[in-house]
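As a plain string of letters, each chain reads:
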Amino acid sequence: MLPAFCRSACFALGLLLLPLQAGADVTLRLNMAYLDPAAGAVGTAPTITVTDLLGTQPLQASVAPDPADASRQVASVTLPEALFSGPYARLRVAVADLRLPPGDSQSGEDIRFAFELVLRRALLGEVVDLQLPIVTSSRKGAMKPYMDFPQIAEELPARFFLAQQWMSLYQADPASVAASPQSFALQRLISRAIADFAIRMADLEASAVLILPAVELRDTLALFWDGQPDGRAIHLRAYADARTILWLDLARSEELLSLARRGGTTAPAACAEARALLAFFDANRPDEAEASKVNAMFPNPGTLDGYLSGRRTDLEVSCARFSL
C-alpha cells in the first residue's frame, strides 16, 4: 500500500487554467518579469528550450515582449495532444542568455538554469500560464529575502526559479571547491534552498502542473556539500524525494479499482483510468539513479515491479467485464 498523500491544498503555482476541449492542444506560456522592474530590460531576450522527455515530439518556444508590458517577456510553446503519454506529459525547460544589468559584479555571467514540468492531462486547461521571475541583482542582500520558506505556498515556484538563477551566477568548478571548500557557504545556502523549495512544491496537493528539479541539481548538491557528509545526504535525499514524487500517483490505481469493484455507472471509466495509469508507469520506469528510491516507496511488496504486478492482477479481476 502506498503512503497517503500529505499535500496541502494549492491551486496556484501561478497557473491560469481555462476549460479544455477533448483532443485540443495546450499552450504553455512562461511569463518572465524582472524582479526589480526599475532595472529595466536586462540584456537580450532569453533563449527557451523545451524538450519532450517521454517521447520525440519536436517543440518550439517563441519569445516576444508582453503586449501589455514591454518590460516583460513571454515564451509560448504549443503542446500537441500527441505529446501526452496517457495521463501525463513530462517536459524539460532550459533557460539561457539572461544577463544582469551592466555594472553588477556578475553582469558578465550568462544565467542558465533548467527545471522539469509534469503535466497531468485530466487537470489541464487550454492555457497554462507559469510566472517566471528574473533576477536583476547578484547582491547577497537582494537574494536573502528569497532564501527562506515563503508564508504562502503560491510563492514557492518563484523562489525556486530565483534561487536557480542565483546558483547559476555563483557556480564554481570542482577544483576551486576542492581547494577551498569553506569558501562556498553562499553556494551551499542557495543549493539547500533549491532542494528545500523543490520538495515543498512536490508535497503540495496534486494539481495540473508539477514542477521538479532538473538532474543538474544533484551534481550541484554533490559539489558544494561534498565536504559535509551529513548535509550532503540530507539535501540529496530532498532532491530524490522531489524527483520521484510523481510515483505517488500510483496510489490512485487502488482507489479506481476499488470503485470498479463496487460497480455502477462509473465503473467502466474507473477501469479505463486505472488501466491508463498502470500502463504509463509500467512504460516509464525510473532511471537507474532513482530506481532504489522508487522501490522504497512501495514497502508492500517492496518493489515497483511487485506493486505493478499486484495492480495488474486486481485490474483483471475487477475490470474483466469492462474490457470487451
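These lines cover the structure that appears in this document, whether it is placed above or below. The residue numbers shown here count from 1 along each chain, following its written sequence. Totals for whole chains, interfaces and linings use every residue, but because this is a predicted model, local features are given only for residues with pLDDT of at least 70 and side-chain atom pairs only at 80 or more, for both listing and counting. Hydrogens and water molecules were not included; the side-chain quantities draw on all heavy atoms of the structure.

Runs of E in the DSSP output that reach at least two residues are strands. Runs of H or I that reach at least four are helices, and both are numbered from the N terminus. When helices and strands are counted, the protein shows 10 helices and eight strands. In terms of C-alpha radius of gyration, the protein reaches 21 Å, essentially the compact-globule figure of 20 Å for 324 residues. Seen through its C-alpha atoms, the protein measures out along the principal axes to roughly 70 × 50 × 35 Å. By element, 54% of the accessible surface of the protein is carried by carbon and sulfur atoms, the whole surface being about 15,100 Å². Seen as two clouds, the 29 positive and the 36 negative side-chain charges of the protein have centres 4 Å apart. We take the radius of gyration over the C-alpha atoms and set the globule estimate at 2.2 Å times the residue count to the 0.38 power. Note on areas: Shrake-Rupley with a 1.4 Å probe; residue coverage comes only from the protein chains shown. In this tally Asp and Glu are treated as negative and Lys and Arg as positive; neither His nor the chain ends contributes. To locate a charge, take atom NZ for lysine, CZ for arginine, CG for aspartate or CD for glutamate.

A few words on the packing of helix α4 (residues 185-202) against helix α6 (residues 229-243). The axes used here are C-alpha line fits, helices contributing only the stretch in contact, and every angle between their N-to-C directions lies in the interval 0 to 180 degrees. It is at 8 Å that the axes of α4 and α6 come closest, and there the two elements cross at 35°. For the pair α4 and α6, the sense of crossing is left-handed. Along its contact with α4, which presents Arg192, Ala195, Asp196, Ala198, Ile199 and Ala202, the element α6 presents His235, Ala238, Asp241 and Ala242. Amino acids are sorted into nonpolar (Ala, Val, Leu, Ile, Met, Phe, Trp, Tyr, Cys and Pro), charged (Asp, Glu, Lys and Arg) and polar (every other residue, Gly among them). Partitioning the contact of α4 with α6 into residue classes produces six nonpolar, one polar and three charged. Here is the rule for handedness: rotate from the far helix to the near one, and if that takes an anticlockwise turn smaller than a right angle the crossing is left-handed, while a clockwise turn gives right-handed. By the convention used here, residues are in contact when the closest approach between their heavy atoms is within 4.5 Å.

Salt bridges are defined by distance alone: a side-chain nitrogen of Lys or Arg within 4 Å of a carboxyl oxygen of Asp or Glu. The final tally for this structure, using the stated rule, is 18 salt bridges. Put simply, Arg112 and Asp110 hold a salt bridge, and the shortest N to O gap is 2.8 Å. For Asp226, the salt bridge is made with Arg232, and the minimal N-O distance between the two is 4.0 Å. Working definition: with a 1.4 Å probe on protein chains only, accessible area under 20% of the residue-type maximum means buried, over 50% means exposed, and in between means partly exposed. Overall, Arg232 belongs to the partly exposed group, its relative accessible area being 29%. Linked by salt bridges that have partners in common, Arg90, Glu116, Arg243 and Glu290 make up one network.

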